[in-house]
Amino acid sequence: MSVLLFFIDGLGIGTRGPQNPLDELADAEPLAIFRDETIKTIHEGIIIPTDACLGVEGRPQSASGQTTILTGINVPQLLGYHKQGFPNAAMLEILREHSIFLQLTRAGIGPITFANTYTQRFFEERPRWVSATTAAMEAAAVPFRQVADLKAGRAVFHDFTNQLLIERGEDVELRSAEQAAQVLASLASEHRFTLYEYFVTDKIGHKQDVQLARTTLQNLARLIRELLVRIDLDRTSVILTSDHGNIEDLSSRNHTLNAVPTIVWGANRFHIARQIKTLADITPAILQTLTQKTASHK
Ligand SMILES: [Zn+2]
C-alpha cells in the first residue's frame, strides 16, 4: 500500500458565478467542485469538504494550514492564530518533531519522498524563511530532489510545466501535463509515501487574474486526470487537499473562509474519507492506512 498526497495551495470550494474561474470551465474535472453540489468525481473519487478554519477566528493561512496538514496537529487552535507565509519558530518546532515524514519513519514506513525540485540557488542562498515542507524534510532527513533529478525524469517542479524554472534561467525543457503525470506516477509507484506541492493557484488567487486562473486550473486538472490513469489505484491511495480557499473566489484578493476539497481516490478511499473532517485529520488518516496490515478497497 502506498499514498500520494497531492497538495494544492489556495483552492477552496466556492459557489458558482463569475467570481469563480472554475464555473463553466471546460475540462476542469476533478477540480470543478461547487458548494452543496457534488460528492463523487472521476475514478470514483470521494470529495470531502474539509474545514480549514480549524476553530480559530480569521482567514486561514498557509503556514498554519500547511503545518497542520503535515503534522496532524491543529496548529491554529494550539497557538491561537492563523499565520501566513512561512512557519514561525513555534511552528518550526512542531514540524521538526511531528511531521508526517517523521511519523512514518518512526513507524517503519519507507521509502518516503517529496517529489518537488529544489534549485541550486536554494542551497547557495538558503532563504532565512523556508516552507513548512522544507522544514519538515530537513528535520526528517528526506533527501532534496534537484534539477538534475528533474532532467532525469525523477522530480517535478512546483510549477510542473517547468515554465517558471525556464524563466529563472534553468536549462530544462517545458513539460506537458502528461509528462509531469508520468514522473509523479513513477515516483508514487516506488515510494510508500510521496508528497507533491503546487503553489501557483494561491499566487493567481491573490492576483485576481481570471484568464490566467482558468488556463492554469485547466492544465492542473489535466495533470491530475493524467496522473490518475497512470497510477495503480488498487495499491495506491491518492489524496488531494488544500490549506485554504483563494482561487475559487477572485472577487477578493484574500483567502476565503470556504471549506477546501479533500478528494480521495484508490485503495482504502472509503476508510480514509471517513476519517477526514478538518486539515488536522489528513496525517492521521495517512498514517493509519499505511500502518494497517492488509489492503482493503473499502
Ligand atoms: Zn495566499
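In the block above lies the structure referred to throughout.
In what follows, the accompanying structure is described. This structure is a prediction, so every number in the text was calculated from the model and none was measured. (Residues numbered from 1 in each chain as written. Predicted model: local features only at pLDDT ≥ 70, side-chain atom pairs only at ≥ 80, totals over all residues. Heavy atoms only, no water.)

### Looking at the packing of aromatic side chains
And step 1. By the definition in use, this model includes eleven aromatic pairs.
And step 2. Ring geometry for F114 against Y118: centres 6.1 Å apart, planes inclined by 65°, an arrangement best described as edge-to-face. Summarising the burial analysis for this pair, F114 and Y118 share the class buried.
And step 3. When the ring of Y118 is compared with that of F123, the centres are 6.4 Å apart and the planes differ by 45°; the resulting orientation is tilted.
And step 4. Relative accessible area serves as the criterion here: at 9%, Y118 is assigned to the buried category.
And step 5. Residue classification places F123 among the partly exposed residues on the basis of a relative accessible area of 32%.
And step 6. Among the aromatic side chains, those forming a connected cluster through ring pairs are F114, Y118, F122, F123 and F144.
And step 7. The ring of F34 has R16 lying over it, and the distance from NZ or CZ to the ring centre is 3.9 Å. (Phe/Tyr/Trp six-rings, centres within 6.5 Å; stacked < 30°, edge-to-face > 60°. Buried < 20%, exposed > 50% of the residue type's maximum accessible area, 1.4 Å probe, protein only. Lys NZ or Arg CZ within 6 Å of the ring centre and 35° of its normal.)

### Overview of the sheet that holds strand 4 (residues 112–114)
And step 1. Taken together, the seven strands give an open sheet; going across it, the order is 2-3-9-8-1-7-4, and neighbouring strands pair in mixed fashion. Lying at the two open borders of the sheet, with one neighbouring strand each, are strand 2 (40–41) and strand 4.
And step 2. In the sheet, strand 1 (residues 2–8) pairs with strand 7 (residues 193–198) via six bridges, with the strands oriented parallel. Its bridge partner lying in strand 7, V3 is registered against F193. (Pairing = 2+ DSSP bridges. Helix = DSSP H or I, 4+ residues; strand = E, 2+ residues; numbered from the N terminus.)

### Side note on the layout of surface pockets
And step 1. The volume enclosed by the largest pocket comes to roughly 890 Å³.
And step 2. Taken together, 31 residues form the lining of the largest pocket, with F86, S131, H158, F199 and K203 sitting closest to its centre.
And step 3. If you list the elements that add at least two residues to the lining of the largest pocket, you get helix 1 (62–71), strand 5 (117–118), helix 5 (120–124) and helix 10 (200–207).
And step 4. When residues in the lining of the largest pocket are grouped by element, the largest group, three residues, is from helix 10.
And step 5. What the second largest pocket holds in volume is close to 240 Å³.
And step 6. Looking at the lining of the second largest pocket residue by residue, the class counts come to six nonpolar, six polar and three charged. (1 Å grid on protein atoms, 1.4 Å probe; cavity = no way out; pocket = protein on both sides within 12 Å on 5 of 7 lines; lining within 4 Å. Points joined across faces, edges and corners; volume = space filled by probe spheres on them. Nonpolar A, V, L, I, M, F, W, Y, C, P; charged D, E, K, R; others polar.)

### Things to note about the coordination of the zinc ion
And step 1. Only D202 (OD), D202 (OD), H206 (NE2) and H255 (NE2) from the protein coordinate the zinc ion, and they sit 2.1 to 2.6 Å from it.
And step 2. Geometry at the zinc ion is irregular, judged from the four donor atoms that bind it and their angles of 54 to 137° at the metal.
And step 3. Each donor residue of the zinc ion belongs to the same chain, with the gaps between them written as D-x3-H-x48-H. Here H206 and D202 lie together in helix 10, a separation of four residues that amounts to about one turn.
And step 4. Classification of D202 as buried rests on a relative accessible area of 10%. (Donors = N, O, S within 2.8 Å, 3.2 Å for Na, K, Ca; no water. Tetrahedral: all angles 85-135°; square planar, octahedral: opposite > 155°, others 65-115°.)

### Some remarks on a positive patch on the surface
And step 1. Taken together, the side chains of R121, R168, K203 and K207 present a region of like positive charge at the surface.
And step 2. Considering the arrangement of structural elements, one finds K207 in helix 10.
And step 3. Judged by its relative accessible area of 58%, K207 falls in the exposed class. (Patch = residues over 30% accessible without salt bridge, like charges linked within 9 Å, V, L, I, M, F, W, Y side chains within 5 Å. Areas by Shrake-Rupley, 256 points an atom, 1.4 Å probe, with all protein chains shown as cover. Salt bridge = Lys/Arg side-chain N within 4 Å of Asp/Glu carboxyl O. Lys, Arg positive; Asp, Glu negative; His and termini not counted. Charge placed at Lys NZ, Arg CZ, Asp CG, Glu CD.)

### Focus on the pattern of salt bridges
And step 1. A complete count under the given rule lists seven salt bridges for this structure.
And step 2. One salt bridge connects R269 with E44, and the closest N-O pair in it is separated by 2.7 Å. In this pair, R269 is assigned in helix 12 (residues 269–275) and E44 in the loop between strand 2 and strand 3 (45–50), connecting sequence segments 225 residues apart.
And step 3. With relative accessibility at 11%, the residue R269 sits in the buried group.
And step 4. Assessed through its relative accessible area of 48%, E44 is described here as partly exposed.
And step 5. Here R230 makes a salt bridge to E226, at a shortest N to O gap of 2.6 Å. Highlighted residues: R230 and E226, both in helix 11 (residues 210–230), separated by four residues, approximately one helical turn.
And step 6. Here the salt bridges do not stand alone but share partners, grouping R16, D23 and E37 into one network.

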